[in-house]
Amino acid sequence: DILSGIGSNGAASVLHSKLPDKPRILVCAPSNAAVDHLVERLLTEGLRDASKVYTPDMIRVGSPHAVSHKIKVVTLDHQVEDIINGTAK
């Protein structure tokens, strides 16, 4: 459930009772290497919910020179190039 807040009576107001199929998640880490590791794990292992495993759509933001070659496909620069070249999925 997604809560909009707790009222003065202590009751929570529910905006949605069901999460979307692929929720949006912001991931931050203290270093480029740590972010790359998280993204690589998501690409290889995916996310698991109650019924399935899926690979989320991702955009890796940051300097393209500081990104591991294993995850370049999810960098912002790479995805923009794919759109410009007409090769985006």
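You'll find the structure just up there.
Residues numbered from 1 in each chain as written. Predicted model: local features only at pLDDT ≥ 70, side-chain atom pairs only at ≥ 80, totals over all residues. Heavy atoms only, no water.

Visitor: Could you give an account of the overall build of the chain, naming the residues involved and the relevant values?
Guide: Of regular secondary structure, the chain possesses 2 helices and 4 strands. When the helices and strands of the chain are listed from N to C terminus, the series reads β-β-α-β-β-α. Classification of the 89 residues of the chain by burial places 15% in the buried group. If you take every contact in the chain between residues at least 6 apart in sequence, the share linking residues at least 24 apart comes to 29%. By element, 56% of the accessible surface of the chain is carried by carbon and sulfur atoms, the whole surface being about 7100 Å². (Helix = DSSP H or I, 4+ residues; strand = E, 2+ residues; numbered from the N terminus. Buried < 20%, exposed > 50% of the residue type's maximum accessible area, 1.4 Å probe, protein only. Contact = heavy atoms within 4.5 Å. Areas by Shrake-Rupley, 256 points an atom, 1.4 Å probe, with all protein chains shown as cover.)

Visitor: Quick rundown of the side chain of Thr-75? Include the residues and the values.
Guide: As for its position among the elements, Thr-75 is in the loop between strand E4 (53-54) and helix H2 (76-85). Within the structure, the side chain of Thr-75 is placed 3.2 Å from the backbone nitrogen of His-78, a separation counted as a polar contact. If near-sequence neighbours (up to four positions away) are discounted, Thr-75 is found in contact with Arg-60 and Val-67. (Polar contact = N/O pair within 3.5 Å; in protein donor to acceptor, adjacent residues only side chain to side chain.)

Visitor: Before we move on, can you summarise the layout of surface pockets with the specific residues and values?
Guide: Estimates place the volume of the second largest pocket at around 340 Å³. In terms of lining residues, the second largest pocket is bounded by 13 residues, among which Met-58, Val-73, Val-74, Gln-79 and Lys-89 are the most central. With 4 residues, the top contributor of residues to the lining of the second largest pocket is H2. A breakdown of the residues in the lining of the second largest pocket according to their chemical character gives 7 nonpolar, 3 polar and 3 charged. (1 Å grid on protein atoms, 1.4 Å probe; cavity = no way out; pocket = protein on both sides within 12 Å on 5 of 7 lines; lining within 4 Å. Points joined across faces, edges and corners; volume = space filled by probe spheres on them. Nonpolar A, V, L, I, M, F, W, Y, C, P; charged D, E, K, R; others polar.)

Visitor: Help me get a handle on the pattern of salt bridges, residues and values and all.
Guide: Applying the stated criterion across every chain, the model contains 3 salt bridges. Taking the shortest distance from any N to any O, the salt bridge between Arg-60 and Asp-36 comes out at 3.0 Å. In this pair, Arg-60 sits in the loop between E4 and H2 while Asp-36 sits in helix H1 (residues 32-45), placing the two residues 24 residues apart along the sequence. (Salt bridge = Lys/Arg side-chain N within 4 Å of Asp/Glu carboxyl O.)

Visitor: Just give me the short version of the nonpolar core, but keep the residues and values in it.
Guide: Core analysis: the biggest nonpolar cluster contains 7 residues, these being Val-35, Val-39, Leu-42, Met-58, Val-67, Ile-71 and Val-74. Beyond its immediate chain neighbours, meaning those up to four positions away, Val-67 contacts Asp-36, Arg-60, Lys-72 and Thr-75. (Core = buried A, V, L, I, M, F, W, Y, C linked by side-chain atoms within 4.5 Å.)

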